Amino acid sequence: MRSQEARSSSSCAACKFMKRRCTPHCLFAPYFRADEPNKFAKVHKVFGASNVTKILNEVPEPQRQDAVNSLVFEAEERLKDPVYGCIGAIASLQDKMFQLQHDLAVAKARLARCSSKTSYASCSATSPLLMLDGEFGLASFDDFMVDQGGLTTDFRQHPFP
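Please read these numbers as outputs of a predicted model, since none were measured by experiment. Residue numbers here run from 1 along each chain, matching the order of that chain's written sequence. It should be noted that, the model being predicted, local features are given only for residues of pLDDT at least 70 and side-chain atom pairs only at 80 or more, the latter also being counted only at that level, while totals for whole chains, interfaces and linings use all residues. To get the side-chain values, all heavy atoms of the structure are used, and hydrogens and water are removed first.

**Quick word on the overall build of the chain**
How we decide: What counts as a helix is a DSSP run of H or I of at least four residues, what counts as a strand is a run of E of at least two, and both are numbered from the N terminus. Each accessible area value is a Shrake-Rupley result obtained with a 1.4 Å probe; residue values ignore everything except the protein chains displayed when judging cover.
Helix and strand counts for the chain stand at eight helices and two strands. Each helix and strand of the chain, placed in order from N terminus to C terminus, yields the pattern α-α-α-α-α-α-α-α-β-β. Of the roughly 10900 Å² of accessible surface on the chain, a fraction of 56% belongs to carbon and sulfur atoms.

**Comments concerning a nonpolar patch on the surface**
The condition is simple: What makes a patch is a set of residues exposed beyond 30% relative accessible area and free of salt bridges, joined within 9 Å when like-charged and within 5 Å when nonpolar (Val, Leu, Ile, Met, Phe, Trp, Tyr). Salt bridge, as used here, is a side-chain nitrogen of Lys or Arg placed within 4 Å of a carboxyl oxygen of Asp or Glu.
Together, Val 83, Tyr 84, Ile 87 and Ile 90 line one region of the surface with nonpolar side chains, adding up to about 410 Å² of accessible area. In this fold, Val 83 is placed in the loop between helix H5 (64-80) and helix H6 (86-116).

**Brief notes about the packing of helix H3 (residues 37-47) against helix H4 (residues 49-58)**
The relative placement of two packed helices comes down to the angle between their axes together with the axis-to-axis distance. Convention followed: Comment: axis = line fitted to C-alpha atoms, over the contacting stretch for helices; angle = value between 0 and 180 degrees taken between N-to-C directions. By definition in this entry, angles of less than 35 degrees are roughly parallel, angles greater than 145 are roughly antiparallel, angles of 65 to 115 are roughly perpendicular, and the rest are oblique. Residue contacts are counted whenever heavy atoms from the two residues lie within 4.5 Å of one another.
Closest axis-to-axis distance for the H3/H4 pair is 7 Å, and the angle between their directions is 100°. The angle between the axes of H3 and H4 places the two elements in the roughly perpendicular class. Contacts between H3 and H4 involve Phe 40, Val 43, His 44 and Phe 47 on the former and, on the latter, Ala 49, Asn 51 and Val 52.

In structure tokens form, the structure reads like this:
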């Protein structure tokens, strides 16, 4: 009985934000602790308390924490980028991934070239750009393709703007 009294006297972040009394069976309390008021404020601003309540009621209890984490991430990204939201963040990460795959392929090509040479000194002065233009017959980085174990990624056909 004491735990219920202690719980009702300290409201969760959601109940504090909405200026209401936090009940012992509050749906928000396990996911929006009192020491994280901005977490609920962001979710409320983007989705609204009523929609968050509906979402949490539809999600099975073991998966609610993951749903809340997803809502918080989506709300934060939507507030950072109102147009693209989390899709913008995903596209940015994919762009970085493609660039890193490309850089790795260039490094592997240079390593293969250097390991076939008899002298390391001849490799150290060669830039990756010279290797692409000269010995490998590629015109630019844009024409470079990476073989991913049967999957070929063509960097000219990127799916995002």
